[in-house]
Amino acid sequence: MAGDTFPRLLAHLAQTRPNATAMQEKRYGIWAPMSWSLYAARVRDFAHGLAALGVKRGDIVAVLGDNRPEWLIAELAAQSIGAAVVGIYPTSIGEELLHILTLARVKVVVAEDQEQVDKLIRLREEYPQLASTAYADMPPLLLETVVYYDPHGLEQYTEEYLKDFTEVEQLGHEWGTSRAGWLDEQIAAGQPDDIAVICTTSGTTSRPKLAELSHTNLLAMADHLTTIDPIDPKDRYVSFLPFAWIGEQMLAVACGLSRGLTLSFPEDSSTQKTDMREIGPDVMFSPPRIWESMLSEVQVRIDEAGWLKRKVFGWGYDIGDKVAERKIKGQSAGPLKLLHLVADQVALRPVRDQLGLARTGHAYTGGAPLGPDVFRFFHAIGVNLKQIYGQTEICGIAVVHRDDDIAFNTVGTPIAGTEIRIADDGEILLRSDSVFKGYHRNPDATAEAVDGQGWLHTGDAGYLDDNGHLVVIDRLKDVLTTADGTRFSSAFIENKLKFSPYIEEAVTFSGPDGGMTAILTIDPMTTGSWAEHERLSYTTYTDLAAKPEVQELISEEVNRSNEDLPESIRVKRFLLLHKQFDPDDDEITRTRKVRRNVIADRYGVLIDALGRGDDRVGITTTVAYQDGTKVDRTIDLKIIDLTHYREPEGRGRRPVWSGRR
């Protein structure tokens, strides 16, 4: 693929496989396919349309919305005329949205629907006032045109800068008719080192930076990954994670175009699980929260099943767990082979099928650490799950597990073409052809991230074990040290806690008297289901979290997590927060990474109370109503001390299939 660009790869696929399915979207319950030739034709029309709207080589077009064919058509069209695309998470609002649009000097935004269009209209109207006050340090907003691809609800909008996606395609078709050969010249003029995509970083400590990724960066990554795990045109991939995330650009776009992968788009988030089961993807890549959600779903369904189903699954899981353990040690199934075949048919495959993973040959997780317990569970039920380690700045992947070389507490070994080095202070350094071009309009941050020898400073602490596997501890600044000098990761403890189906998020802190404290949020779906089963009535999330029965339930879960931890880093005290962490409140990123600095600042009163060993603590929260009025409420939270905790008699432990040992 040396010398290629995404538009040239698309043109090649349209020429060699014109009638094969490039992508399919479910509409009104029916899968509507799009061939490679139609895909290329629509890209040509929209590329001409963007040119007619004034987009030029070197410009940046923003795309804001959920995954749809139009998202990729807009991306390939912009790249065809020498422009780049910056993806924006569909949940982005306010300052985050304004920050990206102004920093990238965006003039044209392709938005999905009425919700996204309304955000942009409001932004244009409020910008003059914002620019003179809170956002005076930002560059000017240059937004001129908004193109939407779902017209529902927008029929009565009269803003002249709003245009329908099909209207732009028609404009482009007419514009291109009188300029035969122009687009082919633009595609031929494209260089592999041109910026293809701009992805936002997680922004866990500050405003997200815009990482510039070239065609060379992304295609080198795709080539190296598919050398390890081959992907061919017959494979299917369900695209439901935002294209603004590097992980989706990595597999759906880079691997998709370089290997001719068929993409499928679910009809809606509510039908995502059933749609994925219908497709049965061969390849899947998701952040830990998706795998954790799947595990919680299985745990709840098995807990609610009859005794016979629980027994059968428990037996099958135990066999699968033993076989998985032998595999990671490089051993064959041996005497368990026949039993495992039976267990797979009667207990494990039905679970994979319910999750939509029955055909999945390559499954990946990345973006944040996945707890070893969760990792082990999926291998026990027969899912070939691998940990990926990388960052936006290196196209999402630098290290990965191999089929015959998996360890639950590591992230694998470097992919081809990637060098790895551990600095004197324990920081992980990476170097490869996939290291990004730099941060957009931020040379100082670029120089800090990549040194003169091309090494990417990840900011993560880690080490290489005896087998050459990379073990990631945590962010370098978040690594903690016990009294005996042992270095450990808060994320490791938090993942242990989140293995419970009832705990959604966990943030731990080092207590002044030794041991750890934690702020936890409950999973409203699984905890709510448990409450209904226990005939426990509740009204809101806050009410549910404050129930003594729920607090006792979570105490049991935390106590079980502690059993697997050294005494010095066990959680001694915790509280259940009155609300979930929300990306709109800057508490977590759009990829659900906790912003520790925000949590430490916003909930400092709670953290101090946990450290002191108080019994209760009050927190004042502001409630905003739809009429614009705001009311301050003080909520009293109980602090649970586990120092002398004993599990209530008669409470059964979680079954062995949960993966705990």
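The sections below set out a description of the structure shown in this document. From a predicted model like this one, the values you see are computed outputs, not experimental measurements.

### Points about the sheet that holds strand 6 (residues 145-148)
Part 1 of the argument: The sheet built from eight strands is open, its strands ordered 7-6-5-3-4-8-9-19 with mixed pairing. Each end of this open sheet is capped by a strand with a single partner; those strands are strand 7 (162-164) and strand 19 (438-439).
Part 2 of the argument: Pairing between strand 5 (residues 108-111) and strand 6: four bridges, direction parallel. Across the sheet, residue Ala111 finds its bridge partner in strand 6, namely Tyr148.
Part 3 of the argument: Packing against the sheet, helix 5 (residues 114-131) makes contact with strand 3 (60-64), strand 5, strand 6 and strand 7, and its axis sits at approximately 150° to strand 5.

### Describing the sheet that holds strand 21 (residues 470-475)
Part 1 of the argument: With antiparallel pairing, four strands are arranged side by side in an open sheet as 17-18-20-21. With one partner strand each, in any of the chains shown, strand 17 (419-422) and strand 21 form the two edges of the open sheet. Between one strand axis and the next, the sheet turns through 45° on average, direction left out of account.
Part 2 of the argument: Pairing of strand 18 (residues 427-431) with strand 20 (residues 456-464) involves three bridges; the strand directions are antiparallel.

### Some remarks on the pairing of strand 17
Part 1 of the argument: In the sheet, strand 17 pairs with strand 18 via four bridges, with the strands oriented antiparallel. Pairing of Arg421 across the sheet is with Leu429, part of strand 18.
Part 2 of the argument: The antiparallel hairpin formed by strand 17 and strand 18 contains four residues in its connecting segment, where Gly426 sits at a positive phi of about 95°.

### Notes on the nonpolar core
Part 1 of the argument: Counting residues in each nonpolar core, the largest one holds 120 residues, and the members touching the most others are Tyr39 and Phe378.
Part 2 of the argument: A total of eight residues in this core trace back to one element, the largest contributor, which is helix 9 (residues 246-259).
Part 3 of the argument: Here Phe378 is in contact with Trp291, Met294, Leu295, Leu355, Leu357, Val383 and Leu385, once residues within four sequence places are set aside.
Part 4 of the argument: Core analysis: the next-biggest nonpolar cluster, separate from the first, contains 30 residues, Ile60, Leu120, Tyr127 and Leu143 among them.

What counts and how
- Residues numbered from 1 in each chain as written.
- Predicted model: local features only at pLDDT ≥ 70, side-chain atom pairs only at ≥ 80, totals over all residues.
- Heavy atoms only, no water.
- Pairing = 2+ DSSP bridges.
- Helix = DSSP H or I, 4+ residues; strand = E, 2+ residues; numbered from the N terminus.
- Contact = heavy atoms within 4.5 Å.
- Axes fitted to C-alpha atoms, helices over the stretch in contact; angles between N-to-C directions.
- Core = buried A, V, L, I, M, F, W, Y, C linked by side-chain atoms within 4.5 Å.
- Buried < 20%, exposed > 50% of the residue type's maximum accessible area, 1.4 Å probe, protein only.

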